[in-house]
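# Structural overview for review
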Amino acid sequence: MTTISLDAARTALADACREVADATAADAVDGVPTALVARPGSTEETAAVLRAAAAQGLTVVPRGQGTKLGWGRPPESADVVLDLSRMDRVLDHAAGDLIVETQAGALLGDVQQTVGSAGQRLALDEPVPGGTVGGMLATNASGPGRVAVGTARDLLIGCTVVRADGVVAKAGGRVVKNVAGYDLGKLVIGSFGTLVVVTEAVFRLHPVPAARRFLTVPFGAPEDASALVQAVVHAQVVPAAVEVEERADGSGTVGVLLEGTPAGVEARTATARQLLGAGTEDAEQPPSGWGVLPWTEQAGSTGLKLTCALSGLAPVLTAARRAADEVGVQLTVRGSGGAGVLYAALAADAPVDAVAAVVARTRAVCTEHGGSLVVLDGPAAVKAGVDTWGPVPAIDLMRRVKEQFDPERRLAPGRFVGGI
Amino acid sequence: MSGTHGTQTTAGPVLGDTPPEATSATGEAGDNAAGIEAVGRVARTVMPETGVIADPTQLRTYECDGLAHYRVTPALVVLPETTEQLAAVVKACADHGVPFVARGSGTGLSGGALPRADGVLVVTSRMRTIREIRRADQRAVVEPGVINLDVTRAATGEGYYYAPDPSSQQICSIGGNLAENSGGAHCLKYGFTSNHVLGTELVTPQGDLVQLGGLAPDSPGYDLLGTVVGSEGTLGIATTATVRLVRLPEEVRTLLVGFHSTDDAGAATSAIIGSGVLPAAIEMMDALAIEAAEAAVHCNYPDGAGAVLVIELDGAAAEVEHEYALVERFCQENGAFELRLAIDATERALIWRGRKSAFAAVGRISPDYIVQDGVIPRTALPEVLRAIAELSESSGVRVANVFHAGDGNLHPLVLFDGEKEGATEAAEQVSGAILDLCITHGGAITGEHGVGVDKAAYMPKMFTDDDLDTMQLVRCAFDPGNISNPGKVFPTPRLCGEVPGKRKKAHPLVEAGLADAF
Ligand SMILES: Cc1cc2nc3c(=O)[nH]c(=O)nc-3n(C[C@H](O)[C@H](O)[C@H](O)COP(=O)(O)OP(=O)(O)OC[C@H]3O[C@@H](n4cnc5c(N)ncnc54)[C@H](O)[C@@H]3O)c2cc1C
């Protein structure tokens, strides 16, 4: 932006929103500098900001706490950061109906605390702590618990969004069962801020189980990990989570979470111990690293999300390990073996070509097993030199959806699949 | 009017004596006859002669779905056997500006599969192959015409089943389930169709084939699959579905509990859910519904009950044991006077027979009836049930209640005798007032039967113009020519701007002077 247009933009935004500030270096979006930060306090103010941005031809990147702002590709431009952190209220917890209505800028932790007081939870893990509801939705973040209750798409029952043209729209509602109209909430989940700005969300809740037990057992080879996972998912132990962790040296652990009533968990633990075999340990607290994204443990490393059909677990683990070994890059994997969603980290010092090679070879195997591989996070050089999103079926249809919602490409342009 | 389900409705445009052919939702016979001809020619080249129906008498077989009050004879019916055949027909429709409507088993209760007089009905009943049961992956891949219950049957031997279980599961198709985001009694615990369909191959309204989702979760990009599920055939036709298979539970306990009133049964429901127990199902029937079920299937429900709950607990044996003790206690604390536990599969089937036959059974006690489908927050149950009783009393229209109590999905059955002067109108009024009650209590105008043609007019009561307009952005992305089941779901179609391909004349709304082209 030129100085003159920056002045005009600042004035226009200040008319629309009470809190507008010049951006600092810390506001850069994945390395892309931004000029202004607008912090609306309501859906109406958010709409006014977007209308002003439209009038001024500004690009806008929505932000919660910024914990996952580096995921996806860096945007082509980010004139304005639309910071939702002032919209941080949990609006209504209807305990009897097991639902919660919240502003998008509310911390997931605050939502959990509110509903927890009634013995309930929003059954979503928080792989990156400190984030907001909006950020969780935009990135479709999930953790170990997805085996039992699924992900945001299984829990979001309504939302209020602001379109790129400033129009406010609602979809869904406040009841768990509802088939009136299109389920726009689904489109919003995992859209990385490129479609609309979410300002409010309604979720269904679950009761907090009275008891839980974490079982862990070491495994030697990927085939063993797969055999353990298969044994658990086909048995009658009803696991809440089935995790697989493979450390840099190739040694690994399968982890199983059982939740329920104290007596029930006790009995299922005994069964699960038998299935998992010698060396199984159990504890009431999670083992260290449970649900932590491997690349967040080492600054500058590259973060991958790998998916596959359950039967693809061993081939995918094997392919990733082999590819990493061949180019001499350190690899750690952790994720939901029971859901077919793994996260992997490639060490910070890995050369770009080496990362690209591991990505390409592992992606081929993920695809062969009905899944995909996405480079979620990583250093700028890696993102620049690697096909981060990979091939996406139905990309033309996705482009058309984007064109309908945001024809001027105002929202986080370039951050998403196929340059959307 | 016959005594089957859905013989009447109030929710939508009340068509009365006007033949539906004349309404904008159904098109006009003879319109674009050349287009229909052309599609017919394409259809005959790509599929066997028996798969293309143009004979007027035969066409009439398809004139309605489960909402038999609306009837429209389609211009052409095709029954493709393969995805390629189906796509070729849709492509021809796109090329010639001919609207098409998908149809599975035709059991829909909102007129979603109501044909267009100026269009093609694409029936999936010859696409019934279960392609794969992938036990290791806990998935099945099936064709759209596959019957819901057949997926479970095919997976049972492997210890698995397909969880969403609409009462129509013996006849309805997976494609129809996908399009309606159908629910069932066990969705309280296991979720709806949208939670169980993980992938679909879709023929877009342009006739292109796209794969959305698949065996693995979280496909990169927008969750178009999530939007297609529940879109009532307006975004294209699903030619496969990849569905989740769920492990058959170790233990199942089915209870039948008698209460003196719906208030007591409602309070017991709230106590159970509030305690953290999540049964697979909690279904309620009131006295009138019980009377009907007794007359029809002699299910031997508790004598003199003002309401019964059918509660099913399932899961790991140790958990079910514990939950059963809690449920028993909550029922007793809330005035249950009889509690029966099914001791074997036969008894369980008998308990469910009463519930599952309830819609049809109402035909035994009333010549005609309307099946309503609305949702309220569960905590509003007692209040709304009382309001429905008052409505019934003040209007003299009998209402039987059968519903998914666990998730607040009501199915009031509004009884009337169409032969009696003014009875139809009175019933329609009560049925509409019930929907209004749902809306004022923060609920939804449909929980599982869909909007279709029946409730399109009610959409503006639940959504603003901006909400509806935003939904239609999706439709414009998928179907800019507005040929995929047009006239359903939305009261007024959005004009999609640039329409690729042919456009023969101005948009009907523009022609009618109801909208400006922009
Ligand atoms: C006695 C009875 C009980 C019922 N109980 C329940 C219940 O418990 N829960 C419930 O949710 N519903 C219930 N229903 C309603 C109905 O059975 C469901 O909506 C069912 O999913 C419809 O399936 P179908 O194959 O008959 O679809 P159809 O009626 O043929 O079509 C329904 C809609 O789906 C579209 N469609 C069909 N196939 C495709 C496809 N392949 N791709 C895209 N769109 C498609 C059609 O265009 C139409 O809009 C009941 C109906 C009856 C008659």
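Note that the structure is predicted; figures quoted are calculated from it, not measured. Residue positions are given per chain, counted from 1 along the sequence in the order it is written. All chains are assigned letters beginning at A, and all ligands numbers beginning at 1, according to the order in which they are written. Per-residue local features of the predicted model are confined to residues with pLDDT of at least 70, and side-chain atom pairs are confined, for both listing and counting, to 80 or more; whole-chain, interface and lining totals are unaffected and use all residues. Hydrogens and water are ignored here; the side-chain numbers use all heavy atoms of the structure.

### A short note on the overall build of chain B
Working definition: helices are DSSP H or I runs of at least four residues, strands are E runs of at least two. Numbering for both runs from the N terminus. A tally of helices and strands in chain B yields 18 helices and 19 strands. Relative accessibility decides the category of a residue: with a 1.4 Å probe and only protein chains considered, values under 20% of the type maximum give buried, values over 50% give exposed, and everything between is partly exposed. Residues classed as buried in chain B amount to 62% of the 518 residues present. Contacts in chain B between residues far apart in sequence, at least 24 positions, make up 72% of those at least 6 positions apart. Here the Shrake-Rupley method, with its probe set to 1.4 Å, supplies the accessible areas, and only the displayed protein chains count as covering residues. As displayed, chain B offers around 18000 Å² of accessible surface, 51% of which is attributable to carbon and sulfur atoms. In this charge count, Lys and Arg are treated as positive and Asp and Glu as negative; neither His nor the chain ends contribute. Here the site of a charge means atom NZ of a Lys, CZ of an Arg, CG of an Asp or CD of a Glu. Counting 38 positive and 66 negative side-chain charges, chain B places the averaged centre of each group 5 Å from the other. Only heavy atoms matter for contacts: two residues are in contact if any of them lie within 4.5 Å across the pair.

### So, the state of the cysteines
All names here are of chain B. The term disulfide is used for any two cysteine sulfur atoms that are within 2.5 Å. Counting across every chain of the model gives one disulfide over all chains. Covalently, cysteine 476 is tied to cysteine 496 through a disulfide, its sulfur atoms 2.0 Å apart. Between cysteine 476 and cysteine 496 the disulfide shows an S-S torsion of about -75 degrees. By sign, it is left-handed. Placement of the pair is cysteine 476 in helix α17 (residues 465-478) and cysteine 496 in the loop between α17 and α18 (508-511), with a sequence separation of 20 residues. Classification of cysteine 476 by relative accessible area gives buried; the value is 2%. When its relative accessible area of 11% is taken as the criterion, cysteine 496 is described as buried.

### Regarding the packing of aromatic side chains
Two aromatic rings, taken as a pair, are described by how far apart their centres are and by the angle between their planes. Pairing of aromatic rings covers Phe, Tyr and the six-membered ring of Trp, with a centre-to-centre limit of 6.5 Å; geometry is then stacked below 30 degrees between planes, edge-to-face above 60, and tilted otherwise. The tally for this structure, following the rule as stated, stands at nine aromatic pairs over all chains. Three or more aromatic residues link up through ring pairs in this structure, and these residues are Phe192, Trp389 and Phe416 of chain A together with Tyr222 of chain B. The rule for a charge over a ring is simple: NZ of Lys or CZ of Arg within 6 Å of the ring centre, and within 35 degrees of the ring normal. Sitting over the ring of tyrosine 324 of chain B, arginine 253 of chain B keeps its end group 5.0 Å from the ring centre. Here the guanidinium or amino end of arginine 329 of chain B rests over the ring plane of phenylalanine 330 of chain B, the centre of that ring lying 5.1 Å away.

### Some words on the domain arrangement of chain A
All names here are of chain A. Where each domain starts and ends follows an automatic or database-derived domain assignment. What the domain assignment lists for chain A is domain 1 (1-208 + 393-420), domain 2 (211-283) and domain 3 (297-388). The straight-line distance from the C-alpha centre of domain 1 to that of domain 3 is 27 Å. If you look at the interface, domain 1 gives 12 residues, while domain 3 gives 12 residues. Buried area: the sum, over both parts, of the accessible surface (1.4 Å probe) that disappears when the two are put together. Overall, the association of domain 1 and domain 3 removes approximately 870 Å² of surface from exposure, summing both partners, and the carbon and sulfur fraction of that is 46%.

### Overview of the sheet that holds strand β1 (residues 52-53) of chain B
All names here are of chain B. If you trace the four strands from one edge of the open sheet to the other, you get β1-β2-β4-β3, paired in mixed fashion. In this open sheet, the two strands that pair with only one neighbour each are β1 and β3 (100-103). When DSSP finds at least two bridges between two strands, those strands are taken to pair. Examined bridge by bridge, β3 and strand β4 (residues 120-123) share four bridges and lie parallel to one another. Paired with alanine 102 across the two strands is valine 122, which belongs to β4.

### A look at helix α1 (residues 33-46) of chain B
All names here are of chain B. Residue count minus one, scaled by 1.5 Å, sets the expected span of a helix. Here α1 spans 20 Å end to end across 14 residues, near enough to the 20 Å set by a 1.5 Å rise per residue. When we look at burial in α1, the residues that qualify are Gly35, Ile36, Ala38, Val39, Gly40 and Ala43. The secondary structure elements touched by the buried residues of α1 are β1, β2 (76-78), α3 (83-96) and β4.

### Here we look at the interface of chain A and chain B
In this assembly, 75 residues from chain A lie in contact with 83 residues from chain B. Of the roughly 6100 Å² buried at the junction of chain A and chain B (both faces included), carbon and sulfur atoms supply 58%. On the chain A side of the contact with chain B, Lys177, Val179 and Tyr182 of chain A bury the most area, a combined 16% of that side's loss. Throughout this description, the term salt bridge denotes a Lys or Arg side-chain nitrogen within 4 Å of a carboxyl oxygen of Asp or Glu. Between the two partners, chain A and chain B, sit six salt bridges. Note that aspartate 469 of chain B is salt-bridged to arginine 163 of chain A, the shortest N-O span being 3.3 Å.

### Details of the domain arrangement of chain B
How big an interface is tends to be reported as the loss of accessible area on association of its parts. Residues and elements named next belong to chain B. When cut into domains, chain B gives domain 1 (2-123), domain 2 (130-247), domain 3 (251-440) and domain 4 (457-511). Taking only C-alpha atoms, the centre of domain 2 and the centre of domain 4 are 26 Å apart. At the junction of the two partners, domain 2 supplies 12 residues and domain 4 supplies 10 residues. Carbon and sulfur atoms make up 66% of the area that domain 2 and domain 4 hide from each other, which totals about 880 Å². When the area that domain 2 buries against domain 4 is broken down by residue, the three leading residues are Pro205, Thr234 and Leu235, summing to 54%. Our enumeration of links across domain 2 and domain 4 arrives at zero salt bridges. Side-chain atoms alone can form a polar contact between residues adjacent in sequence; in general such a contact is a pair of N or O atoms within 3.5 Å, and within protein one must be able to donate a hydrogen while the other accepts it. Applying the counting criterion to the domain 2 and domain 4 interface returns four residue pairs in polar contact (both at pLDDT 80 or more). If one sorts the elements of the side of domain 2 that touches domain 4 by residue count, helix α8 (residues 224-228) sits on top with three residues. Amino acid classes used here: Ala, Val, Leu, Ile, Met, Phe, Trp, Tyr, Cys and Pro are nonpolar; Asp, Glu, Lys and Arg are charged; the rest, including Gly, are polar. Split into classes, the residues belonging to the side of domain 2 that touches domain 4 amount to five nonpolar, six polar and one charged.

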